[in-house]
Structures are given as C-alpha cells and as structure tokens.
Amino acid sequence: MTAYETVEADVLVLGAGGAGLRAAIAAADAGARVLVVCKSLLGKAHTVMAEGGVAAAMHNVAYQDSWEVHFADTMKGGKLINDWRMAELHAKESPERVLELERWGAVFDRTWQGRIHQRPFGAHTYPRLAHIGDRTGLELIRTLQDRAVHMNGIGVHMETTVFKVLKADGNVAGALAYRRSDGSLILYRCGALVLASGGAGKMYRVTSNSWESTGDGTALAYDAGAQLRDMEMVQFHPTGMVWPAGVRGILVTEGVRGEGGVLRNRQGERFMERYDQERMELSSRDVVARAINSEVAAGRGTPHGGAYLDITHRKPEFIKSKLPSMYEQFLKLANVDITKQPMEVAPTIHYAMGGVRVEAESGATTVPGLYAAGEVASGLHGANRLGGNSLSDLLVFGKRAGEAAAASINANSTAARAGIDQDDVDRAIAELMGPVDRPAGESPYKLMAEIQDVMSKYAPIVRNGPELEEGLEKILELHARSKSCGTGGSSTLAFNPGWHTAFDLGSLLVNAEALLRSALERKESRGAHARSDHPKTADDLTTVNYVVEKTTDGMHVRAERQPPMPAYLAEVLTESHARYTPEATE
Amino acid sequence: MTEVSNVDLKIWRGDSKAGELVTYRVPVREGMVVLDAVLWVQANMASDLAVRWNCKAAKCGSCSAEIDGFPRLMCKTPITEYGGEVTVGPMKAFPLIKDLVTDVSWNYEVNRQIPQFTPSEKDLTSSEPWRMQQKDVERVMEFRKCIECFLCQDVCHVLRAHDLKSAFYGPRLMVRMASLEMHPRDVLDRRPLLKGKAGVGYCNVTKCCTEVCPEHIHITDNAIIPLKERMDDAYFDPVRSLIQRIGGGPKKTPAGGDQTPGR
C-alpha cells in the first residue's frame with residue numbers, strides 16, 4: 001500500500017480563491033485551526049481573473065441604491081429560480097464585506113468625495129461595482145491572502161490536490177490529497193470541510209477559465225453523497241477574445257461596456273437595440289451572449305466570428321486609466337490598440353451558477369460537516385449571474401461558511417476523525433494511482449479534448465433535446481474510457497501533469513453529466529439555459545430547481561419546488577425599479 | 001514579425017540533480033504565445049513536462065520562465081518574436097523542482113515577515129467608512145498591480161548572482177513594503193525592518209527589475225528609491241548625526257527587523 005502522511009486540522013478549506021480565503025479567515029477568527037489546501041500557488045486562484053468589480057449597494061454614486069434594489073436585480077437577473085434567502089443575505093451584507101476589505105488594506109478607486117467609487121454594470125439598476133481599475137479580483141485576493149498568512153490559526157498547503165472526501169458515521173471526517181511536486185500523499189483528518197474550489201469551465205474548449213477549473217469540488221461533494229443543484233446553468237460571458245486563435249476565450253471585462261463600450265456587428269449596426277432596447281449593452285449576460293451568437297448565426301459576425309466592441313469614442317487617457325489591463329492585453333496579445341480600434345469579441349464559457357446545494361445561512365451542504373461557498377456552491381445566482389455578484393458572493397458566503405464550519409467543531413466531530421475507514425482510504429488511493437500503473441493507456445490530454453468537443457457541440461449556448469441526449473451518450477462513453485486512461489506515457493510521480501489531468505477528467509465528467517441530465521429535464525428557456533425546442537419560459541417552473549443526486553444506479557435528477565418567498569421580499573420584488581430581462585430566444 | 005510554420009522549442013528538462021535542453025518541433029498557429037507551444041508539447045510529445053500556468057492572460061503571474069535567457073511570462077510572449085528557434089528554461093534564482101517549475105516558497109516566507117497593513121486604532125474602530133482621495137490612493141495602486149510572477153526576484157543580481165536571500169528581500173517584497181508604507185491609512189513604521197532584515201541598502205539601483213516587470217511597475221524609481229530615502233531620513237540624517245556628536249546624546253541603536261515600533 002502506498003504510504004501517506006497524516007495531518008490534522010479542525011477546518012479544512014479546499015481552495016484559496018476569494019471564498020476559500022474568506023472562509024479560512026472567518027474560521028480562524030472563531031478559534032478553529034484551519035488548513036487551506038489549493039491546487040496552485042497562493043494568490044493565483046481564479047479570483048485574480050475577476051476584473052470589473054464587486055457589487056455592493058453602498059449608494060456612494062447613486063443615492064437611490066439600496067439592498068432591496070440589489071436583491072431585486074439579482075433575482076430578476078437570475079430569472080427568479082435563485083434561492084431568495086441567499087439573494088437577500090447577499091444584498092444586505094455585501095457593503096459591510098467590502099468596507100471590511102478596505103480596513104484590511106484593499107485600495108479601491110474613489111469618488112470626488114473620497115468614497116469608494118462604483119461603476120455601472122450589466123443589469124444592475126444603479127452604478128454598484130466597487131473596483132480598482134480593471135483588476136478588482138487581484139486586489140481582493142491579495143488583501144485576503146496577506147491577512148490570512150499573518151493569522152496564527154491558518155496553514156496553507158500549496159500545489160496540493162484533494163481527490164477524495166472521507167466520511168465517518170455519515171459525517172465528513174477527512175480528505176485525501178496528493179502534492180504536485182512529488183506525488184506524495186496526505187490524509188487530512190478534519191472536523192469540517194469547506195469546499196471553495198470554483199467552477200468547471202474546462203468542460204468547454206473556449207473558456208475564460210484556467211486549467212484548475214475542472215469542477216473538483218462539485219464532483220467530490222457528489223461522490224460524498226451531497227446534492228447538486230441548477231447544474232444546467234452555466235454562463236457564457238458575452239465578451240471573450242476571439243482572435244488570434246491562441247487567445248480565444250480570454251475574458252474581456254464587462255467593465256468595457258460599463259465604461260461606455262458599444263457592440264456592433266459587421267454592418268456597423270448597434271444590434272443590442274433589437275434585443276434589449278432599454279439597457280442595450282448593459283443588459284444581462286445571458287441576453288448579450290445570445291445576441292452576439294444570433295448576429296454571428298445570421299451572417300452579420302466579424303471576420304473571426306464575433307462582434308465588435310468599441311470604446312474608441314472615449315479619450316485614450318480615460319481608457320488607459322479605467323481599463324489598463326484590457327489595453328495591455330489587446331496590445332500585447334492581439335496587436336490591437338483599443339483606444340484606436342474596436343475589439344473583436346464572442347461568448348466564452350465563464351461561470352457555473354449551479355453547483356453544490358447549500359443552506360443559505362451557513363453554506364452547509366446536505367452532508368454533515370461539508371460546507372461550500374463561492375462558485376462551487378449554487379443558489380445565489382439562479383439562472384444567470386450578474387457581473388460583480390461573484391466577488392460579493394465570495395465574501396458574504398465565504399465568511400458564513402467559515403463561521404459555520406468552525407462552529408460545528410465539537411467533541412463529537414473531533415472523535416469522528418479517528419473513525420475513517422481504512423478501506424475507503426485504500427480504494428481511493430488505488431483509483432488515483434491507476435493511471436500511473438498503466439501509463440501507456442489512452443492519453444488524458446486527448447480525452448479532455450474530446451470532453452471539450454462534446455460539450456461545445458452538444459451543450460452550446462442554445463441547446464435542444466436530441467443534441468443533449470446525444471451529448472449525454474457520448475459523455476457516458478468517455479466516462480467508461482476514462483476508467484482505463486493512462487498518463488500519456490510517463491509513470492513518474494514528480495510533477496507529472498499527465499497524471500494530474502487523468503484525475504481532472506473524473507471531475508469534469510461528473511460535471512458534464514450533471515449538466516446534460518439537468519438540461520434535458522428543464523424543458524423551457526430561462527436565463528443561461530436556452531432551448532430551441534422549448535423557446536418559452538414556463539411560468540410553473542419559476543420556483544423549480546433541478547437537484548442532482550448519486551444513487552445506487554447512477555446519477556439521478558429530480559425537480560424540487562422552492563418554499564414560497566416571504567411577503568416582505570415578494571413586495572420588494574414587485575415594487576423595485578429593477579427590470580426583468582427580456583427572453584431573447586427564437 | 002517573422003513568418004514561420006514550425007518552431008524548434010528547446011525546453012530545459014530535468015530536476016535539481018541533472019537535466020538538458022530537449023528540442024521539440026511545434027507547429028505555429030496564428031497568435032501563438034510561448035505558453036501555447038509548451039502546452040502543445042505537453043499534450044502531444046511530453047506528457048510529464050512540468051510547467052506552471054493558470055490564467056493565460058498575464059493576470060496571475062504563474063508562467064514565469066527564461067525565454068532565450070530573458071525573464072518573461074510565457075503567456076505574454078508571442079512565439080513569432082523569435083523566428084524558428086527559441087529556448088525556454090526555468091527561473092535561475094530559485095531552486096529547481098522539475099523542468100520549468102521552481103521552488104518559489106521563499107518569497108511567501110518573506111512576505112509573512114512583513115508586518116501587515118495596520119491602520120490607526122481610531123480608523124479601525126470608527127463606524128464611518130473611510131474617505132481617501134483618488135490622488136492619494138493612486139500612489140500605492142501602482143504597487144498593488146504586482147501579480148507576484150517573481151521575475152524581478154529572478155533578475156535581481158543580489159538574489160541571483162550573489163544568492164543573498166538572507167540579507168535582502170528582493171524587489172517584489174520592496175514593492176510590497178512600499179504599498180504598505182505609502183498607504184494613506186497605514187501607521188506602522190517599517191523602517192527598522194527595511195534597514196535590518198529586508199536590507200534595502202543592498203539594492204544598487206541597476207533597474208533590472210523594472211525592466212522585466214510585466215506590469216510595468218517602476219520598481220526602482222517609485223518603490224525602492226523612496227524606501228531608501230525613508231530609511232536614510234531615519235538613520236543617516238547628517239544634520240542630526242552632527243548634533244548628536246556635538247551634544248554627545250544617546251547614540252541611535254539600529255532597531256532589528258523583528259521590532260516594529262509604532263510611529
């Protein structure tokens with residue numbers, strides 16, 4: 001049997017992005033001994049990619065803004081299938097979380113009065129996004145990182161991948177992980193585990209996500225018996241780079257449109273007029289993404305199959321100060337000076353609204369001792385996430401999950417750590433080591449490319465039943481093939497990306513299957529989920545979520561109705577100025 | 001730009017004990033960057049080629065390497081800049097783990113030694129949101145752009161050629177200290193640390209770090225030199241020193257890096 005080291009912690013946090021770090025800080029503040037385990041180096045998590053800002057109704061720019069309007073924007077943008085309690089907590093608490101960040105050293109752009117500046121963003125009724133240029137995510141992660149590493153109760157294991165969540169008596173009691181550098185194994189024994197591992201954008205070929213976004217947390221939770229929710233809801237960000245081929249998918253911040261950028265088709269027409277006359281370019285992401293998709297499908301796309309995003313009417317100094325990294329990115333990677341030329345953009349897979357089902361107050365999943373926060377969790381964003389709501393999500397629910405995880409530590413959970421079944425450990429290790437034992441098996445890189453091709457082809461921006469069926473069949477075939485996949489040729493345990501990719505495949509396949517099965521069940525078009533065979537939004541599905549569970553005979557999806565919204569929230573929704581997004585499916 | 005259909009990528013393969021440059025022929029696509037080529041090699045020719053990368057958009061600072069000997073981000077370097085042949089090696093200032101991956105943990109350890117952002121008690125307990133002017137925060141914004149790629153650390157001759165990691169924190173951490181020292185609400189005095197363990201005096205202003213910074217931070221001019229001036233004001237003021245000598249007052253003892261008295 002392969003040897004492993006045993007490490008103890010009260011709270012194990014999986015992931016060191018915004019949610020993971022905020023959870024770790026909260027748990028350590030509550031007195032827990034915390035260990036953060038992350039796949040990359042500290043500070044490199046996907047949060048650094050967030051550009052536009054963090055949404056919080058601080059009303060520094062628009063005095064009319066309030067939590068009620070933010071709540072209504074979030075619900076309406078999410079097409080009402082959001083967990084309303086999460087949306088309420090998020091809208092109420094995000095201003096405090098942003099101000100707290102500032103007290104920890106974060107620096108935001110200012111208004112002329114010296115308050116935190118807020119920029120307009122898609123489907124937010126008022127200017128609401130606190131930001132620093134177009135690198136707000138970096139500011140957020142650096143602030144949390146510096147705070148976390150200076151706290152006594154927090155340890156960090158970098159470049160370490162968790163491949164199994166272990167239970168004892170039905171409670172989470174630990175996890176297994178390998179170190180990238182040398183392939184050595186660690187058994188973590190913990191009282192509670194917070195999943196903060198992000199999304200699964202790597203299911204698709206064209207994505208703004210990094211290699212890390214393979215949906216590990218969702219797959220680990222599913223495997224541990226937790227329920228998933230809204231898995232059909234993945235967001236295409238309307239504006240990714242399209243050219244040159246090497247940079248296809250890299251994000252172009254919504255901040256470009258927030259600062260006045262306009263979208264045009266090949267004929268120079270400002271086509272958003274036809275899709276959302278009122279909000280134009282600042283409509284919600286699902287609408288703008290589908291609009292670009294429709295323009296391209298109708299033959300009005302740019303030479304490389306996208307739309308033009310033009311901000312040249314703004315002064316060069318303004319562009320360089322408000323969008324410095326976009327200026328740099330296009331100049332360097334595409335040889336385009338955005339102060340003089342329009343950008344070419346097209347939708348790119350960006351975010352998973354669905355994920356692990358959590359309780360609004362605590363981030364508790366349906367497995368005792370297992371918590372989730374951030375992109376890996378579901379509920380806040382419903383069928384479509386508004387820009388800026390992700391960074392505030394991380395802060396609000398990262399804190400809540402960290403606190404709840406720490407509070408759950410007691411004598412019982414400490415005792416339970418000792419009860420991990422050795423057979424579970426051995427089996428999981430054997431499975432992880434499989435590819436190393438058969439290095440010449442099918443190449444994991446090839447299998448990953450095939451998964452991406454299947455998902456891009458059969459679960460695209462506008463879906464239909466027969467294609468989803470076919471995609472599911474293909475994903476199940478790939479699942480079977482992945483069981484015998486190798487490492488691409490080498491059986492070394494030292495920093496072997498071929499071996500690591502073989503593990504990632506398993507996570508991606510769970511996410512892909514859950515997406516396809518849920519998408520087949522939701523027979524309507526809503527938010528990010530558009531079906532050409534069911535183009536209308538079905539009123540009776542407004543309060544329905546699709547829940548995914550592991551059963552003895554495989555993955556099972558069922559519809560579940562949400563409890564009715566309390567009167568005070570329903571009132572907020574009807575009385576708010578927040579506008580509904582038009583459904584644009586044809 | 002040179003038009004090429006293939007490029008010979010010479011990648012350093014090996015670990016801390018032994019290694020060599022291995023040549024891989026890679027088909028060039030339009031707009032290809034060095035990282036694309038390295039990942040193509042990984043997927044098609046050398047599955048166990050070790051390389052760090054994340055965002056592929058010059059925002060995370062993971063894919064630092066020495067490309068034809070020059071420290072750069074692989075994701076930001078068009079391969080066509082090099083014609084038909086290019087050499088890619090790991091950063092040399094850090095211990096090698098494998099292939100293009102180095103052990104950069106020292107930077108994280110040093111960061112923990114720098115006392116974190118510390119506002120005044122009054123600011124901390126105030127229930128009012130802080131007011132700061134844009135021009136005041138802009139000064140530190142430049143430093144906060146740092147993506148921790150550690151290319152500046154790699155090129156710094158104090159660390160690279162003389163391996164004086166025990167005496168000098170290096171440009172990245174000087175930028176970090178500048179971002180704290182010049183924050184309008186920070187009240188901690190890190191000058192004893194600057195003079196002591198951080199060793200700002202070791203920098204002899206060759207500006208190599210500024211040259212390689214992918215975020216174009218003026219590391220030497222805007223961070224290190226002002227920090228040197230701060231330290232000099234505190235410890236090497238000629239007028240004060242003269243007064244002390246004449247008056248025979250208590251000699252100022254240089255505070256060690258571990259003590260950080262409040263201002």
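Since the structure is predicted, the reported quantities are computational estimates derived from the model, not experimental observations.

### Looking at unusual backbone geometry
All names here are of chain A.
So, step 1. The omega angle of the peptide bond from tryptophan 243 to proline 244 is -5 degrees, so this bond is cis rather than trans.
So, step 2. Structurally, the position occupied by proline 244 is in the loop between β11 (234-241) and α6 (255-258).
So, step 3. A positive phi is found at histidine 59, a non-glycine position, where the angle reads about 40 degrees.
So, step 4. Note that histidine 59 resides in the loop between β3 (54-55) and α2 (67-77).

### Here's the deal with the domain arrangement of chain A
Residue and element names in this part refer to chain A.
So, step 1. Along its sequence, chain A is organised into domain 1 (235-350) and domain 2 (422-539).
So, step 2. Distance from the C-alpha centre of domain 1 to the C-alpha centre of domain 2: 30 Å.
So, step 3. Of all the elements in the fold, those that place two or more residues in the side of domain 1 that touches domain 2 are β11 and α7 (285-297).
So, step 4. It is α7 that provides the largest number of residues to the side of domain 1 that touches domain 2, a total of four residues.
So, step 5. Broken down by class, the residue content of the side of domain 1 that touches domain 2 amounts to three nonpolar, two polar and two charged.

### Looking at the packing of helix α3 (residues 84-103) of chain A against helix α10 (residues 389-407) of chain A
All names here are of chain A.
So, step 1. Packing of α3 against α10 brings their axes to within 9 Å, and their N-to-C directions diverge by 95 degrees. Relative to α10, the element α3 is oriented roughly perpendicular. Residues Leu89, His90, Glu93, Ser94 and Arg97 of α3 form the contact with α10, whose own contacting residues are Ser392, Asp393, Leu395, Val396 and Lys399.
So, step 2. The class makeup of the residues in the contact of α3 with α10 is three nonpolar, three polar and four charged.

### Here we look at the confidence of the model for chain B
All names here are of chain B.
So, step 1. Looking at chain B as a whole, the pLDDT averages 91, with 92% of positions reaching at least 70.
So, step 2. Taken together, the stretch residues 250-263 has pLDDT below 50 and engages in 27 contacts with residues farther than four places along the chain or on a different chain.
So, step 3. In the model output, the complex is listed with pTM 0.94 alongside ipTM 0.93.

### A closer look at the sheet that holds strand β4 (residues 118-119) of chain A
Residues and elements named next belong to chain A.
So, step 1. With respect to topology, three strands assemble into an open sheet ordered β3-β5-β4, the strand pairing being antiparallel. Edge strands, defined here as strands with exactly one partner in the open sheet, are β3 and β4.
So, step 2. Pairing between β3 and strand β5 (residues 129-130): two bridges, direction antiparallel. Counted as the bridge partner of alanine 55 is leucine 129 from β5.

### Structural notes on the nonpolar core
Residues and elements named next belong to chain A.
So, step 1. Ranked by internal contacts, the top residues of the largest apolar core, which has 263 residues, are Val11, Val13, Leu193, Val194, Leu195 and Tyr371.
So, step 2. The element best represented in this core is helix α15 (residues 497-521), accounting for eleven residues.
So, step 3. Residue contacts for leucine 195: discarding those within four places in its chain leaves Leu14, Gly217, Leu220, Ala221, Val356, Leu370, Tyr371, Ala372 and Val376.

### What about the pairing of strand β7 (residues 160-168) of chain A?
For a regular strand, the rule is simple: side chains alternate between the two faces of the sheet.
Residue and element names in this part refer to chain A.
So, step 1. The buried fraction of β7 amounts to seven of the nine residues, a majority that puts the element mostly inside the structure.
So, step 2. Where β7 meets strand β8 (residues 171-179), eight bridges bridge the pair, whose relative direction is antiparallel. Bridge pairing in β8 links leucine 166 to glycine 174.

### Brief notes about the sheet that holds strand β20 (residues 554-561) of chain A
All names here are of chain A.
So, step 1. One open sheet holds the four strands; their spatial order is β15-β10-β19-β20, and the pairing between them is antiparallel. Since the sheet does not close on itself, it has two edges, and those belong to β15 (355-356) and β20, each with one partner.
So, step 2. Pairing of strand β10 (residues 228-229) with strand β19 (residues 544-551) involves two bridges; the strand directions are antiparallel. Directly across from arginine 229, in β19, lies its bridge partner valine 547.
So, step 3. Along the sheet, α15 makes contact with β10, β19 and β20, crossing β20 at roughly 45 degrees.

### Some remarks on the packing of helix α13 (residues 444-458) of chain A against α15 of chain A
Residue and element names in this part refer to chain A.
So, step 1. For the pair α13 and α15, the least separation of the axes is 9 Å and the interaxial angle reads 25 degrees. The orientation of α13 relative to α15 falls into the category roughly parallel. Crossing handedness for the pair α13 and α15: left-handed. Residue-level inspection shows Pro444, Tyr445, Leu447, Met448, Ile451 and Met455 of α13 in contact with α15, the latter providing Gly498, Thr501, Ala502, Leu505, Leu508, Leu509 and Ala512.
So, step 2. Looking at the contact of α13 with α15 residue by residue, the classes come out as eleven nonpolar, two polar and no charged.

Rules behind the numbers
The numbering scheme is per chain: residues are counted from 1 as the chain's sequence reads. Lettering of chains starts at A and numbering of ligands starts at 1, both following the order in which they are written. Confidence filtering applies because this is a predicted model: local features only for residues at pLDDT of at least 70, side-chain atom pairs given and counted only at 80 or more, and all residues used for totals across whole chains, interfaces and linings. Strands here are runs of E lasting at least two residues and helices are runs of H or I lasting at least four, both read from the DSSP assignment and numbered beginning at the N terminus. Domain start and stop points were drawn from an automatic or database domain assignment. Following the grouping adopted for this structure description, the nonpolar residues are Ala, Val, Leu, Ile, Met, Phe, Trp, Tyr, Cys and Pro, the charged ones are Asp, Glu, Lys and Arg, and the polar ones are all others, Gly among them. Axes here refer to lines fitted to C-alpha atoms; in helices the fit is confined to the stretch in contact. Angles between the N-to-C directions go from 0 to 180 degrees. The scheme is simple: roughly parallel for angles under 35 degrees, roughly antiparallel for over 145, roughly perpendicular for 65 to 115, oblique for anything else. For the purpose of contact definition, each residue receives a C-beta atom placed from its backbone, and two residues are in contact when these atoms lie within 7 Å. Known as pLDDT, the predictor's per-residue confidence is scaled from 0 to 100. Any two strands between which DSSP finds at least two bridges are classified as paired. Any nonpolar core is a set of buried residues, restricted to Ala, Val, Leu, Ile, Met, Phe, Trp, Tyr and Cys, that join up through C-beta atoms within 7 Å. To assign burial, the other C-beta atoms lying within 10 Å of each residue's own C-beta are counted, with C-beta atoms placed from the backbone; 20 or more indicates buried, 12 or fewer indicates exposed, and intermediate counts indicate partly exposed. Left-handed is the label given to a crossing in which the near helix is rotated counterclockwise from the far helix by less than a right angle, and right-handed is the label when the rotation is clockwise.

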